[in-house]
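Per-entry structural report
Chain residues, written in single-letter form:
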Amino acid sequence: MISLLEIKDLSKFFIKDKEKVNVLNKVSFYVKKGEFLSVVGPSGCGKSTLLGLIAGFDKYDEGSIILKGKKILKPSSNRIMVFQDFNQLFPWKTILQNVLFPLNINKKQIALNKRIQLAKNYLKMVKLEGYEDYYPHEVSGGMKQRAAIARALAIKPEVLLMDEPFGSLDVQTRINLQSILIELWKEIESTIIFVTHDIEEAVILSDRIIAMGRSPSSIRDIIVNNLDRPRDRLSTEFIEKAKEIYDKVRE
Ligand SMILES: Nc1ncnc2c1ncn2[C@@H]1O[C@H](COP(=O)(O)OP(=O)(O)OP(=O)(O)O)[C@@H](O)[C@H]1O
C-alpha cells in the first residue's frame, strides 16, 4: 500500500462569539491507498471539521492536505462524502435515478443502457436489488443510506469520506450495514475515512484508528488494528482493542 493522502500540521480556527476558537491543532497523518481508516473521539473534538476540510467544503488556516501530490483547496469528485442524514438523496428521483445521477455526467462516453447496468450493479452491491423504482420516502433509513453509499461509489472517488453514516440507525441495521460496507470495500478496493463516535464500530471496520481528544484537538494516537477479518465482537482480542482505544480517547 502506498500513501494516497497526507495531512500535515493541519489547524482550523472558528470565530465563536467574536473569539477565535482553535478546533484542530496541528493534526498530521497519512492515509494509504486501499486503507480503511476511522477517526474516533468525543463529541465536539473536530471529527466532522476534519472530514469537511478533506472534502474541501471549508478552508483550513494552517498546514496542508495533499491528495496524490496535489493540495486540496476545494471539493472534487475524487473525494465524496456520505453523511449521517437520511435525507441526502434527491427525493424526487427513484433509488435507481439517484445512483444514475453521477453516471449521467459521462452521458457522452457511456450509453444509457450501460449506465443503467452500472447503477443496478452498484445497487446490487449494497443489496438493494428490487428497490430500483422506489422513491426515498418509500424505503427505510438503512436502505436510504445504502443507496447514498451506492451513489457515492458510482462517482468512483479516490477517497470515500463517511461522517457517522450509520449514526442514526438501530443496532441491528447498523451491524448489517457495517458488514455490507466491508464487503464493498474489499470488492472495489476503495479507500475510506470513516468518522464515528462508536469505538466498537471503528474496531469492526478499520485497519487503523485515529484517536482524537477534546478540543482543541490534536491526535492522541493512531492505533493499528490487525485483528483477523471477519471480526468477532465478543472475542477477547476485540474487547482488548476496543479498550485500548477507549483509554486513548479518555486520556
Ligand atoms: N461553522 C462553524 N462555526 C463555528 N464553530 C464551529 C463550526 N463548525 C464546527 N464548529 C465547532 O467546532 C467544534 C468541532 O465540531 P465538529 O462538528 O467538527 O465536532 P465532532 O467531533 O464532529 O462532533 P460530533 O461527534 O458531536 O459530531 C465544535 O465546538 C463546534 O461547535
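Residues numbered from 1 in each chain as written. Predicted model: local features only at pLDDT ≥ 70, side-chain atom pairs only at ≥ 80, totals over all residues.

Looking at an unreviewed UniProt entry, the protein carries the name NitT/TauT family transport system ATP-binding protein, with the source organism given as Maledivibacter halophilus.

Some details on the site of the ligand
The full set close to the ligand counts 13 residues, and Phe14, Ser43, Lys47, Ser48 and Thr49 are the nearest of them. Within the residue set of the shell around the ligand, elements represented by two or more residues are strand S1 (3-16) and helix H1 (47-55). Here the element with the most residues in the shell around the ligand is H1; it accounts for three residues. Across the shell around the ligand, the residue classes break down as three nonpolar, eight polar and two charged. (Near = placed C-beta within 6 Å. Helix = DSSP H or I, 4+ residues; strand = E, 2+ residues; numbered from the N terminus. Nonpolar A, V, L, I, M, F, W, Y, C, P; charged D, E, K, R; others polar.)

Observations concerning the environment of Phe86
Inspection of the secondary structure assignment puts Phe86 in the loop between strand S6 (79-82) and helix H2 (95-103). The exposure class of Phe86 is partly exposed, given the 17 C-beta atoms found within 10 Å. Sequence separation of Phe86 and Met143 is 57 residues, and the distance between their C-alpha atoms is 9.2 Å. Once residues lying within four places of it in the same chain are set aside, the contact partners of Phe86 are Gly141, Lys144, Gln145 and Ser168. (Buried ≥ 20, exposed ≤ 12 C-beta atoms within 10 Å, placed from the backbone. Contact = placed C-beta atoms within 7 Å.)

Some words on the domain arrangement of the protein
Looking at the assigned domains, one finds that the protein contains domain 1 (3-78 + 158-250) and domain 2 (87-156). Just the C-alpha atoms count here: the centres of domain 1 and domain 2 sit 25 Å apart. Counting from both sides, the interface comprises 12 residues of domain 1 and, opposite them, 10 residues of domain 2. (Domains from an automatic or database assignment.)

Quick look at the nonpolar core
Nonpolar side chains in soluble globular proteins tend to be buried together. In this structure, Val99, Leu123, Ala150, Leu161 and Ile193 are the most contacted members of the largest nonpolar core, which totals 67 residues. Looking at which element gives the most residues to this core, the answer is helix H4 (residues 141-154), with eight residues. Inspection of this core shows a minimum of three residues originating in each of domain 1 (3-78 + 158-250) and domain 2 (87-156). Those residues within four positions of Ile193 in sequence are excluded, and the remaining contacts are Val31, Leu37, Val39, Leu51, Ile54, Val159 and Leu161. (Core = buried A, V, L, I, M, F, W, Y, C linked by C-beta atoms within 7 Å.)

Some thoughts on the pairing of S1
With 10 bridges connecting them, S1 and strand S2 (residues 19-32) associate as antiparallel partners. Bridge assignment links Phe14 to a residue of S2, and that residue is Val21. Linkage of S1 to S2, two consecutive antiparallel strands, is achieved through a turn of two residues, within which Asp17 is found at a positive phi near 50 degrees. As paired elements, S1 and strand S4 (residues 62-67) share five bridges and run antiparallel to each other. (Pairing = 2+ DSSP bridges.)

Let's talk about helix H7 (residues 236-250)
The terminal C-alpha atoms of H7, which comprises 15 residues, lie 21 Å apart, in line with the 21 Å expected from a rise of 1.5 Å per residue. Looking at the buried side of H7, the elements it contacts are strand S3 (36-40), helix H6 (199-205), strand S9 (208-212) and strand S10 (219-224). (Expected span 1.5 Å × (residues − 1).)

Things to note about unusual backbone geometry
For the bond running from Arg229 to Pro230, omega is -5 degrees, close enough to zero to count as cis. Take Pro230: it is sitting in the loop between S10 and H7. Positive phi, normally seen in glycine, also occurs at Asp17, with a value near 50 degrees. Along the chain, the position of Asp17 falls in the loop between S1 and S2. Residue Asp17 is classed as exposed on the basis of its 5 C-beta neighbours within 10 Å.

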